[in-house]
Amino acid sequence: MDATDARLAAQYEAYPYPERDPRDEAKRLIVGSPSHLREVDHWIFGARRPASQPFRALMAGGGSGDGTMMLAQQMAWAGRPGEVVWLDRSTAARAVAEARAKQRGLANIRFVSGSLLDLPELGLGAFDYIDCCGVLHHLPDPAAGLAALAGALAPGGGIGLMVYAPHGRTGVYMLQDALRLLAPDSEAPAARVEAARRLWKHLPDTAWLRRNPWITDHLEGGDAGLYDLLLNPRDVSFSVPQLAALIAGAGLRLRCFVEPFRYDPDRYLPDPKLRARTAGLDPLGRAALAEAMCGNMGIHIAYVTREEAPAPAWDDPAAIPVLRELDGPALAKGLPRDGVLRVTFDGIGLGVPLPRLAAAILARIDGTRSIGEIGDALAANGIAREAFARDFAALRAALEPLNRLLLAAPPA
């Protein structure tokens, strides 16, 4: 461990991240990406891996436990066999995560203290899924870290990544530079936090972070959030091409960015002449263009696999569609009369046209009916099967890129 690593370790002992109160587990489950169980089933396994098959997940750099609680709780609710292994070197973060798991009564979590760089020596075995959220960008060698994770994957497994992105973090690195001068890392963590709060209070309006409404950890994340954002001793961001190179260098394949919708430049460009130009770009170039155009992506979330993985079988009548954190009947009732769904991504508002039968289809998506059964139900109400097939495909094209309409794991 070099001097920077020692400071990083001390940071997370003083300020376990993110800042969480275990008592809040009685009130809510924090849900997000990556590692939502429905996302993993869909994007990593192509909705082909049976739900009855035991599932081993590793939370590499589990911190205070957001992703661990989400995945373990979702597995418990769904009756999915397997375990979630929390791995981190912070004893303070482990205490918080263990208290949260106890509050929830979760028995499918195993806690292991250590670094992801030590995976070969830890003897934890292979994992079907690995979460690495907010970790690689703090490592001395992110490529070595991702390679270690790739080596711990079971055949057919995959990884959910989250790394910082440069354009959406405008102002962060400027303020980090200022605080290295004003509150050097030789000072105690509490003193540095106080200096950072005082500096924020008196920053001129021209400071770029004041103009960046999408970065809020220093405002809403408590002392842990402020320290992690502005006082972290090692913080590297990755553009789309840089992240893609990191993934390829580890022998992995990019399945998707989350949400795929955000990485499609045509969503922002109605001009047909510009779209003619974007048509000449490969998928990675299109994603890089969307990132550079929008300027509001502060993180990148990606699902990756080692082997070529099958795509979700949307043409299979037996496949079961599910909505991620949405209630189908409620969504159907609330659809706008003009058939355009309004979505907002960090300040960018966009309209997503939905097909005529969207409400009728959404009202029947309940996590148990198959695509074929939904078509049968509509046919019984006089809807032609050809019209259902056309509109279901259009609904999937609208909502899958939003990471909202997915396919469930087969039951057996």
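Scroll up to find the structure this text is about.
Residues numbered from 1 in each chain as written. Predicted model: local features only at pLDDT ≥ 70, side-chain atom pairs only at ≥ 80, totals over all residues. Heavy atoms only, no water.

Participant: Would you take a moment to explain the overall build of the protein chain for this structure?
Facilitator: Secondary structure assignment for the protein chain yields 17 helices and 11 strands. For 412 residues, the compact-globule estimate of 2.2 N^0.38 gives 22 Å, and the C-alpha radius of gyration of the protein chain, at 22 Å, lies within 12% of that figure. Over its C-alpha atoms, taken along the principal directions, the protein chain stretches across nearly 75 × 50 × 40 Å. The buried share of the protein chain, reckoned over its 412 residues, is 52%. Considering only intrachain contacts with a sequence separation of at least 6, the fraction spanning at least 24 residues in the protein chain is 80%. When the accessible surface of the protein chain is summed, it comes to about 18200 Å², and 55% of that surface belongs to carbon and sulfur atoms. (Helix = DSSP H or I, 4+ residues; strand = E, 2+ residues; numbered from the N terminus. Rg over C-alpha atoms; globule rule 2.2 N^0.38 Å. Buried < 20%, exposed > 50% of the residue type's maximum accessible area, 1.4 Å probe, protein only. Contact = heavy atoms within 4.5 Å. Areas by Shrake-Rupley, 256 points an atom, 1.4 Å probe, with all protein chains shown as cover.)

Participant: Where do I start with the packing of helix α8 (residues 189-202) against helix α10 (residues 222-230) in this structure?
Facilitator: A pair of packed helices is captured by two measures, namely the crossing angle of their axes and the spacing between those axes. At a minimum axis distance of 10 Å, the contact between α8 and α10 shows a crossing angle of 85°. Of the possible angle classes, the one that applies to α8 and α10 is roughly perpendicular. Every residue of α10 that contacts α8 at P189, R192, V193, A196 and R197 is listed here: G222, D223, L226 and Y227. (Axes fitted to C-alpha atoms, helices over the stretch in contact; angles between N-to-C directions. Parallel < 35°, antiparallel > 145°, perpendicular 65-115°, else oblique.)

Participant: Please explain the environment of A408 as it appears in this structure.
Facilitator: With respect to the element layout, A408 can be found in the segment after β11 (405-407). For A408, a relative accessible area of 21% gives the class partly exposed. Measuring from C-alpha to C-alpha, the distance between A408 and S370 comes to 9.7 Å, with 38 residues separating the pair along the chain. Excluding residues within four positions of it along the chain, A408 makes contact with A47, I320 and V322.

Participant: I would appreciate a short explanation of the packing of aromatic side chains in the present structure.
Facilitator: Two aromatic rings, taken as a pair, are described by how far apart their centres are and by the angle between their planes. Overall, the coordinates contain seven aromatic pairs when judged by the stated rule. With a centroid separation of 6.1 Å and 50° between ring planes, the pair formed by W314 and F392 is classed as tilted. Placement of W314 in the loop between β7 (299-305) and β8 (321-323) and of F392 in helix α17 (residues 385-399) is noted, with a sequence separation of 78 residues between them. Taking the relative accessible area as the measure of exposure, W314 reaches 10% and is therefore buried. We classify F392 as buried; its relative accessible area is 5%. Each member of the aromatic cluster is reached from another via a ring pair, and the members are W314, F388 and F392. When the ring centre of Y164 is taken as origin, the NZ or CZ atom of R169, which lies over that ring, is 3.7 Å away. For R211, the ring lying beneath its charged end belongs to W208, and the centroid distance is 5.5 Å. (Phe/Tyr/Trp six-rings, centres within 6.5 Å; stacked < 30°, edge-to-face > 60°. Lys NZ or Arg CZ within 6 Å of the ring centre and 35° of its normal.)

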